[in-house]
Amino acid sequence: MASNTECGRSFARRDLLLEHESKVQKLWEENDVFRADAKDELPKPGEKFFGNFPFPYMNGYLHLGHAFSLSKLEFAAAYHRLRGANVLLPFAFHCTGMPIKASADKLSREIQKFGNPPVFPDVTEEKASEPEPKPTEGNQDMLDKFKGKKSKAVSKAGGDKYQWEIMRSYGLSDVEISKFQDPYYWLTYFPPLAVEDLKAFGLGCDWRRTFITTDMNPFFDSFVRWQMRKLKAMGKIVKDLRYTIYSPLDGQPCADHDRASGEGVIPQEYTLIKMEVVPPFPPKLSTLEGKKLYLAAATLRPETMYGQTNSWVLPDGKYGAFEVNETDVFILTEKSALNLAYQRLSRVPEKPTCLAELTGYDLIGLPLRSPLAFNEIIYALPMLSVLTDKGTGIVTSVPSDSPDDFMALHDLKAKPAFRAKFGVKDEWVLPFEVIPIISTPEYGDKSAEKICTDMKIKSQNEREKLDAAKKIIYKGGFYEGTMLVGEYTGMRVQEAKSSIKSKLLEMGEAVIYSEPEKKVRSRSGDECVVALTDQWYITYGETEWRKTAEECLAGMNLYSDETRHGFEHTLSWLNQWACSRNFGLGTRIPWDEQFLVESLSDSTLYMAYYTVCHFFQGGEMYGLDNSLLKPEQLTDEVWDFLFCGGPYPKSSDLSLSLLNKMKQEFEYWYPFDLRVSGKDLIQNHLTFCIYNHAALMPKHHWPRGFRCNGHIMLNSEKMSKSTGNFRTLRQAIEEFSADATRFSLADAGDGMDDANFVFETANAAILRLTKEILWMQEVLAAESSLRVGPPSTYADRVFANEINIAVKMTEKNYNDYMFREALKTGFYDLQAARDEYRFSCGSGGMNRDLLWQFMDVQTRLITPICPHYGEYVWKELLKKDGFAVKAGWPEADFPDLTLQKANKYLQDSIASMRKLLQKQVSGSKKGKVQVSNNQNKPTTGLIFANEQYDGWKKECLNILRSKFDNTTCTFAPDKDILQALQQSAIGQEGNFKQTQKLCMPFLRFKKDEVIAVGVQALDLKLPFGEIEVLVENLELIKRQLGLECVEILSATDPNAFTRAGPHASLLKQTPPSPGNPTAIFMSE
């Protein structure tokens, strides 16, 4: 616990909350409050709640990012528990995959190189030499905050921190860090600390069901082996040759969870056009005579090859001549050669062999013979916008259908000095004209030329315009284009494309090339390539399986359209998934033990494992206790019996009673009701979960709901260790307390957009919670001074009604899992109602029974979010039996919405009158001298109310009501309203233009009001008596306005105007209307 005072600040309030939390957690543990056991009978709807959360990866401490997503599940589970449901919230820890092993190996390498403890070289480098953003007003402090130098904690290679330094940042000693060379030590170190942190957070977890993954836990290992065998037997795991993102350093595919950056990136396939260099070769390439030498151009549009006029190279670009086989040599970038080497297109597998290092200048002017091109010979020419980090750095030029190519060729033709600069001969450029090959309805047969003319593009340097033009032309060409040339003349481009590609491949004039669509870096630190690998795949995307998965998804509650669209999109593209790895930790592929099950494939069905694991693990997360049963007793037949409706496992030596008890537990809890996760897992883990359940489980056990959220920011900035804008869960609890942390997490946001954890909110929560405890203590101590008897005053009725509203609205918000709204209606709004009640009661005092009801209700409503606070108040202050977390949802009468409107009218009217009075008291200025407040201050208030519209306003409202469509909530066009006005009684009287001038502002005002508050804005009178409300609250109005006398007058009473005396003109200037009384203040 942090000290009570730090830097002169007092932390007594926070420490008080921490003290209460510690006592409450001990109480919960002693009474096994969160233990969840199945009942004898299957639950009816609402009687049980099973929620779970993707188990976090155990290569460090839990942080606020974990806590944010987890809090959504925790609040939901706590709400259902409070209502009386039987709630199961289990929690486990993921250790499968390569990150832990990679980090352990990294430590070993650092020790070998730098000693134990390592002494790193004192390398001080300026921060990456990227141009700093130009400071603008308001961001200079931010720039200064993050400026800095890389110290010895930064490795020269790639700018990554040394692993040893990362471990030191966790507060570990050098002696302790050395132990982490063993990857299994990570598994014994971090999971127990995570359990400590989650208990301190107040997680309502049944810890008997916790476990870790990998073969270190033999029970979970048995479960995963069964799952994989089951999928393979169903034909859903196959061995295949596929392109996949691959880490050369790790020597294996690099799935999403194996990546330091580039999650979600997939291979991008190109057609690699073999543009043959026509001999004789220039001196720089003379050593390659006798070889078949090609410029290898990567294209996504093989159908356009007929129209080639040249190829493009980057003059300053670095290229190489790389051996593909014994006869062929490709000229391209080293990066693309590395990708090809892992795609079986290198003489030495996985190792590109460079025969000559080249620059773009060496390639300019090379004569080329390119497949399908109508020009027999074309030339390599310079283009300054060629990218060498995308494709091969060689680009084939088709100016008929590429705006970039058209403008670059145009510039070369039009600018002799530009040609001379790069040594380009006229005969390489000038004879080549645009060749029409594709026609589109909008842009004809020279689409690139036409769009450049239409968009007034004058140069190849107009990047934004060219990018926009390219997007239009490529899309139009594919969907609407028709081939004009070749054997596919007359065929739609989208039909001809694949045929032309196949023809090029069959003729040996092209090869398939693939690379990551964006840069991907593995957790080992190397940049990934695309490799053609022969390994085990799960056949996600297979037609019938996908249909079943879509059926499962259709029946699920996803809580937002955006989430549903995310799943539908993922199901539309997700294909075979590599499920095997040969590096890292995990479970061995049972039939091919050289491989491990990768980390996203052993985490798709384990929610079922939660339901039974306490029977054999007994609360010991590593599965080391075999006293209850042995792992080998959990045969495939047993797992089938438990989870898939399989027959009784006759070969099993487990007792029938134990098997039936485990099966009953599973049948009771399944399907799970809610799984909460960050939105980034939609594209893999969560969709895999749907697929696996759809394949292995009967329909009545398919998942019921996923709730996805955005990421969490801290104080409106991205959470980042490198900038220091980061908090572990442990740090947050120590800094703010568990309940204040939870409060701020609830307040951070609920949708798919990124949420914001604000430190000020957490600190304010500390103040609010402790002040509320103090207030309740004071009320309880002063019980004898409170008014007794049934609630009787207007203020009593309003406060009781606000309590009822809070109960109903908060119930709805919790049901919808909108926790920020639940916090608003169940805490903020309820406290505001209490404060208003306290002021409204005046000298009469507050009603004891109402205050006791308020304290009871508020405690229950906030308990799912702040359970320690709720439990402390429940037991220590309210002296209630049982536990607040299981207290039951508070009962409430149906809210009186009319009373709520009446009170809002009262409070709004008082606020408006107070502003008017303050303005009047401040007085006019004469000769720049302020008139004394005391001289100006009125003592009497006359409040005029008009409870019903009449005359022309009544007619206008009737017209608007007749022209309002309740179904669409829209008005008829203005011309119809104007016509109705003209035909009305008031429209027929006198000059219509004057009537129109009088009525139209009112009509517009009322239409806007309907949009703001609803159709009730068209009512002729309010649903309550305004004068009655004002008269009943005269004392409150006098007290709020500081007046000696207040009179409530009806505007329809002729004598009322007489009472206004010399101020009667004010009533004509601002006449009262329903909901808007007019006040006149005077001194008498």
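1. Comments concerning the overall build of the protein
- Helix and strand content of the protein: 38 helices and 38 strands.
- Principal axes of the C-alpha set define a box for the protein whose edges measure 115 × 90 × 60 Å.
- Counting all 1084 residues of the protein, 53% fall into the buried class.
- Carbon and sulfur atoms form 51% of the exposed surface of the protein, whose accessible area is close to 48,400 Å².
- Here the protein holds 131 positive side-chain charges and 144 negative ones, and the gap between their average locations is 3 Å.

2. Re the state of the cysteines
- Counted by the stated rule, this structure contains zero disulfides.
- The cysteine Cys956 is free of any disulfide, with Cys999 supplying the nearest cysteine sulfur at 3.7 Å.
- A relative accessible area of 0% means that Cys956 is categorised as buried.

3. Brief notes about the environment of Pro248
- Looking at the secondary structure, you find Pro248 in the loop between β7 (237–247) and β8 (252–253).
- For the pair Pro248 and Met1082, spaced 834 residues apart in sequence, the C-alpha separation works out to 87 Å.
- In this structure, Pro248 is in contact with Tyr342, Asp526, Glu527, Cys528 and Val529, ignoring residues within four places of it in sequence.

4. Let's talk about the pairing of strand β28 (residues 706–709)
- Of the two faces of β28, both are covered, the one formed by Phe706 and Cys708 as well as the one formed by Arg707 and Asn709.
- Where strand β27 (residues 674–678) lies against β28, four bridges are found, and the strand directions are parallel. Paired with Gly678 across the strands is Asn709, a residue of β28.
- Each parallel crossover has a hand, and the one from β27 via helix α22 (residues 682–696) to β28 is right-handed.

5. Observations concerning unusual backbone geometry
- Look at the link from Pro279 to Pro280: it is a cis peptide, with omega at 0°.
- Within the element layout of this structure, Pro280 appears in the loop between β10 (267–277) and β11 (292–299).
- Of note, the bond from Tyr670 into Pro671 is cis; its omega dihedral lies within 30 degrees of zero at 5°.
- When you line up the elements, Pro671 lands in the loop between α21 (656–669) and β27.
- For Asn715, which is not a glycine, the phi torsion comes out positive at approximately 50°.
- Tracing the backbone through its elements, the reader meets Asn715 in the loop between β29 (712–714) and β30 (717–718).
- At Cys969, a position not held by glycine, the phi torsion is positive, near 55°.
- When you line up the elements, Cys969 lands in the loop between β35 (964–965) and β36 (970–971).

6. What to know about helix α33 (residues 974–983)
- Looking only at α33, the buried set comprises Ile977, Ala980 and Leu981. An end-on view of α33 places all buried positions within 100° of arc, on one side of the element. Of the residues in α33, the exposed ones pointing more than 90 degrees away from the buried face are Lys975 and Gln983.
- The inward-facing, buried residues of α33 contact α32 (951–962), β36 and α34 (992–1013).

7. Focus: the layout of surface pockets
- Of the pockets and cavities examined, the second largest pocket occupies roughly 1,000 Å³.
- Lining the second largest pocket are 37 residues, and of these Tyr270, Ala298, Leu300, Lys470 and Tyr474 lie nearest its centre.
- Top element by residues in the lining of the second largest pocket is helix α14 (residues 463–480). It accounts for seven residues.
- Taken together, the residues of the lining of the second largest pocket sort by class into 13 nonpolar, 12 polar and 12 charged.

8. Side note on the packing of helix α7 (residues 183–201) against helix α23 (residues 729–736)
- Viewed as axis vectors pointing N to C, α7 and α23 meet at an angle of 35°, and their least axial separation amounts to 9 Å. The handedness of the crossing between α7 and α23 is left-handed. Two secondary-structure elements touch here, α7 through Leu193, Glu196, Asp197, Leu198, Ala200 and Phe201 and α23 through Leu729, Arg730 and Ile733.
- Classifying every residue of the contact of α7 with α23 by side-chain character gives six nonpolar, no polar and three charged.

9. Notes on the environment of Phe706
- Note on placement: Phe706 falls in strand β28.
- For the pair formed by Phe706 and Glu487, sequence separation is 219 residues and the distance between their alpha carbons is 51 Å.
- Ignoring sequence-local partners within four residues, the contact set of Phe706 consists of Met556, Asn557, Leu558, Tyr559, Phe567, Phe672, Leu674, Arg675, Leu686, Cys689 and Ile690.

10. A short note on helix α2 (residues 64–83)
- The terminal C-alpha atoms of α2, which comprises 20 residues, lie 28 Å apart, in line with the 28 Å expected from a rise of 1.5 Å per residue.
- The largest bend in α2 comes to about 35°, at Leu70.
- Buried residues dominate α2, accounting for 18 of its 20 residues.
- Looking one or two places after α2, you find Gly84, whose phi comes out positive at around 110°.

11. A look at empty space enclosed by the protein
- Across all of its chains, the model carries three cavities of 30 Å³ or more by this definition.
- Space inside the largest cavity adds up to approximately 70 Å³.
- Lining the largest cavity we find Phe34, Glu74, Ala78, Arg81, Leu82, Gly202, Gly204, Arg742, Thr863, Pro864, Pro867 and Val885.
- No other element matches α2, which puts four residues into the lining of the largest cavity.

12. Some thoughts on the pairing of strand β3 (residues 48–52)
- Summarising burial for β3: five of the five residues are buried, a large majority.
- Both faces of β3 are covered, namely the face carrying Lys48, Phe50 and Asn52 and the face carrying Phe49 and Gly51.
- Handedness of the β-α-β unit built from β3, α2 and strand β4 (residues 86–88) comes out right-handed.
- Two strands pair when backbone bridges link them, and β3 and β27 are joined in this way by two bridges, in the parallel orientation. Along β27, the bridge assignment pairs Asn52 with Arg675.

13. Details of the packing of aromatic side chains
- For the coordinates displayed, the defined rule picks out 81 aromatic pairs.
- A cation sits over an aromatic face here: Arg301 above Tyr474, 4.2 Å from the ring centre.

14. Some thoughts on the packing of helix α26 (residues 794–815) against helix α28 (residues 848–862)
- Relative orientation of the contacting elements α26 and α28 amounts to 10°, with a least axis distance of 11 Å. When the interaxial angle is binned, α26 and α28 end up roughly parallel. Crossing hand, α26 versus α28: left-handed. Packed against α26, whose contacting residues are Asp796, Phe799, Ala800, Ile803, Asn804, Ala806, Val807, Thr810 and Tyr814, the element α28 presents Leu850, Leu851, Gln853, Phe854, Val857 and Leu861 at the interface.
- When its residues are assigned to classes, the contact of α26 with α28 shows 11 nonpolar, three polar and one charged.

15. Some remarks on the sheet that holds β29
- Ordered by their spatial adjacency, three strands build an open sheet running β30-β29-β31, and the pairing between neighbours is mixed. The open sheet has two edge strands with one neighbour each: β30 and β31 (755–757).
- When β29 meets β30, the two strands line up antiparallel, connected through two bridges. Pairing of Leu714 across the sheet is with Glu717, part of β30.
- Contacts from α2 reach β29 and β31, with the element oriented near 130° to β29.

16. Re the confidence of the model for the protein
- Looking at the protein, pLDDT values average 91 and 94% of them are 70 or higher.
- In the predicted structure, residues 124–159 sits below a pLDDT of 50 and forms 36 contacts with residues beyond four places in sequence or in another chain.
- Ignoring residues within four places in sequence, the model shows residues 924–933, a span with pLDDT below 50, making eight contacts including any to other chains.

17. Structural notes on the pattern of salt bridges
- All chains considered together, the criterion is met by 64 salt bridges.
- Put simply, Lys179 and Glu176 hold a salt bridge, and the shortest N to O gap is 3.7 Å.
- For Lys179, a relative accessible area of 40% translates into the label partly exposed.
- Within this structure, Asp32, Arg35, Asp37, Asp206, Arg208, Arg209 and Glu665 form a network of salt bridges that share partners.

Criteria and thresholds
Residues numbered from 1 in each chain as written. Predicted model: local features only at pLDDT ≥ 70, side-chain atom pairs only at ≥ 80, totals over all residues. Heavy atoms only, no water. Helix = DSSP H or I, 4+ residues; strand = E, 2+ residues; numbered from the N terminus. Buried < 20%, exposed > 50% of the residue type's maximum accessible area, 1.4 Å probe, protein only. Areas by Shrake-Rupley, 256 points an atom, 1.4 Å probe, with all protein chains shown as cover. Lys, Arg positive; Asp, Glu negative; His and termini not counted. Charge placed at Lys NZ, Arg CZ, Asp CG, Glu CD. Disulfide = S-S within 2.5 Å. Contact = heavy atoms within 4.5 Å. Pairing = 2+ DSSP bridges. Right-handed = clockwise from strand over helix to strand, strands pointing away. Arc of directions from axis to C-beta. 1 Å grid on protein atoms, 1.4 Å probe; cavity = no way out; pocket = protein on both sides within 12 Å on 5 of 7 lines; lining within 4 Å. Points joined across faces, edges and corners; volume = space filled by probe spheres on them. Nonpolar A, V, L, I, M, F, W, Y, C, P; charged D, E, K, R; others polar. Axes fitted to C-alpha atoms, helices over the stretch in contact; angles between N-to-C directions. Left-handed = near helix turned anticlockwise from the far one by under 90°. Expected span 1.5 Å × (residues − 1). Bend = angle between axes of the 7 residues up to and from the residue. Phe/Tyr/Trp six-rings, centres within 6.5 Å; stacked < 30°, edge-to-face > 60°. Lys NZ or Arg CZ within 6 Å of the ring centre and 35° of its normal. Parallel < 35°, antiparallel > 145°, perpendicular 65-115°, else oblique. pLDDT = per-residue confidence, 0-100. Salt bridge = Lys/Arg side-chain N within 4 Å of Asp/Glu carboxyl O.

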